[in-house]
Every structure is written in C-alpha cells, then in structure tokens.
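Reading the structure
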Amino acid sequence: MNSSASTLIVILAGLLLVHILFLILGRLQPDRDYSRIGHRINTWWGMFFVFCLAALLNPVVSLLSLMALSFFALKEYFSMIRTRKHDRRIFLWAYLSIPVQFYWIYIGWYGMFIVFIPVYVFLFLPLPRLINKGTLGFLRSVSLTQWGLMLMVFGLSHLAYFQVATPQYGAGLVLFLVILTQLNDVVHEISSIYLGKRRIVPTANPLLTWEGFVCGFLATAAAAVFLTPYLTPFDLKFGVISGMLISLGGFFGSLTVSVLKRDLLIGDDERFEALKKSYLSRVDSLAYTSPVFLHFTRYFFDFM
C-alpha cells in the first residue's frame, strides 16, 4: 500500500471518529447548539473528497473542484449585496476572472497568479461599471466586488497552487493546512460554548471569545507538532510556527467574514441565520490561512 493510500485511510478513520463523537455529543446534550460544528464537519468531508481526487486521480480534478468552490463562495457573497440592475455587469466580469486565475495556477505562472486579481482585475473592474452607468453608487459596487474577489477567489486559489508548486509535497501541505484551520475553528467554537465569557465582537459573532481564541491557538500548535512529521517536509520548529500562523490567520478570517456578513445584512436577521450554513461560513478561515501559509512556506523553503 502506497503512502497516499495509507494517509487517506488514517484520515478517513479520524473523520469517522470525529463524526461519531459529534453525533453522541448531540444526543447527550440536545439543548446545546452544535449546528456550526456540524457544518464544519461536513466541510471536512468535502475537503477529504477533494484530497482524494488530488491524491488518487489527476490533480487537475482537484483544481477544478477548488475553482467551483470559489465560484459558489463568490456567488453567495454577491447575494448579500443590495445591488441595482447596472451593477450586474461588474459581477459578470468578476465571475469571468475565476477561470483565468486558476489557469495561471494550472500553467504554474506564479508571477501572474499573484498579481492578476489584486492588480490587473482591480484596475479593469471600474471600467464596465463606468461606461454608460453613471456615478451613483460607483465606489460601493466596485469596492465590494473587489473585496469579494480578494477573499473568495484570490485567497482560496492559494489552496490550488500548492499542488502545482510542489507536486511531491503539495497534497500533504494542503491537508496540513485544512486540518489545522478547521481544527482551530472547531476548538474555538467548543471552547467558547463551554468556557467563553469575554466576547470579541458580540454584535457580529457571539461565538468568537478570547477564551476560545487561546484554546484554539494552543490546540492548533499542539496538533501541528503531531502532524508535521507525517504531512510536511518541515522540521518541528517550522511546523509549530506554521500551526501558530494558521491559528492566527483562521481567527482573523472568521472575524472578518463575520463582521462583513453582519454589515451587509443589517436588518435582515433571517438571511443572516440562513448564511450560517453557507459556503462563506465554511471557507472564511481558509480565505486567510491559505495565502499566509503559502507565502510563509515559499519564503523559507526552496521546493516552493
């Protein structure tokens, strides 16, 4: 049995164990709201499926899956924005930038991948909004579109670049990143439920507490110690530093997207509750941890 298959079996066993524990916990404490944790576990299964595609089949299939994830996340983000009819043209161009961004990844052109959205797309986006559309609401529609592209497309696209940059270690690094990011989120939420007293931004996300942040940070660093020898080529020092950076990035990602959703949906509590099950709530942390982890790895190690 090759190493990839062995790794997949271990991950599958771990996921099944976590899922069973989650179901038992829900039965024992039905008064507690564990719905957000359930959504995270569903995300783990989805990521496991994508990892299987990358490890056992063609990495291109994994790239296409991540491209689809970026599309749906951006679509849900746009659904939160109160728009006028003439804003739809700029949304169309934003969608069209997604396959182009992932094409740069596919051909391994790092220079274009890293500047295409934050430079060229940002410079181009105002043009279709300006032509024959007037100036009313110009800044709001352009800036909101650019911010959505940065989070949902540019941030998440870094996940796909690992496999291209280092075929030997790419799948393991992605798995390391996803496991630690999701673990940090789950530990933060569970700790906030049981121990949380000091909320960070109560108006946006009552489950983000300082106690949860500390527990998530320590658990993520500890998990990095265990996972580093199996999933990465790092030594223990860089593995632990990576774990701490992932924890910090995940915290800021969750906080940013929570505030963003609350700001866009002020006065619409029903839609805000519905979006807790959305792609945005499942990939918010990854939108931050993916670029942070990629650039940290690329700076210190030649294989990237």
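Quick summary incoming for the structure in this document. (Residues numbered from 1 in each chain as written. Predicted model: local features only at pLDDT ≥ 70, side-chain atom pairs only at ≥ 80, totals over all residues. Heavy atoms only, no water.)

With that out of the way, let us pick up the overall build of the protein. If you tally the helices and strands in the protein, you get 13 helices and 2 strands. Expressed as a percentage of its 304 residues, the buried residues of the protein come to 49%. Taking all contacts inside the protein whose residues are at least 6 apart in sequence as the whole, residues at least 24 apart take part in 75%. As displayed, the protein offers around 14800 Å² of accessible surface, 67% of which is attributable to carbon and sulfur atoms. (Helix = DSSP H or I, 4+ residues; strand = E, 2+ residues; numbered from the N terminus. Buried < 20%, exposed > 50% of the residue type's maximum accessible area, 1.4 Å probe, protein only. Contact = heavy atoms within 4.5 Å. Areas by Shrake-Rupley, 256 points an atom, 1.4 Å probe, with all protein chains shown as cover.)

Across the interface, helix α10 (residues 236-264) lies against helix α13 (residues 286-300) with an axial gap of 8 Å and an inter-helix angle of 150 degrees. Classified by the interaxial angle, the pair formed by α10 and α13 is roughly antiparallel. As α10 runs across α13, the sense of the crossing is right-handed. Taking contact as the criterion, the partners of Phe-238, Ile-241, Ser-242, Leu-245, Ile-246, Gly-249, Gly-250, Phe-252, Gly-253 and Thr-256 in α10 are, on α13, Tyr-288, Thr-289, Val-292, Phe-293, Phe-296 and Phe-300. (Axes fitted to C-alpha atoms, helices over the stretch in contact; angles between N-to-C directions. Parallel < 35°, antiparallel > 145°, perpendicular 65-115°, else oblique. Left-handed = near helix turned anticlockwise from the far one by under 90°.)

The next thing to look at is the pattern of salt bridges. Once the charged atoms of two side chains with opposite charge are near each other, the side chains can pair. This model, assessed by the stated rule, comprises 1 salt bridge. Arg-198 is the partner of Glu-211 in a salt bridge, and the nearest nitrogen-oxygen pair spans 3.1 Å. Remark: Arg-198 occurs in the loop between α8 (170-194) and β1 (199-201) and Glu-211 occurs in helix α9 (residues 210-231); sequence separation between them is 13 residues. (Salt bridge = Lys/Arg side-chain N within 4 Å of Asp/Glu carboxyl O.)

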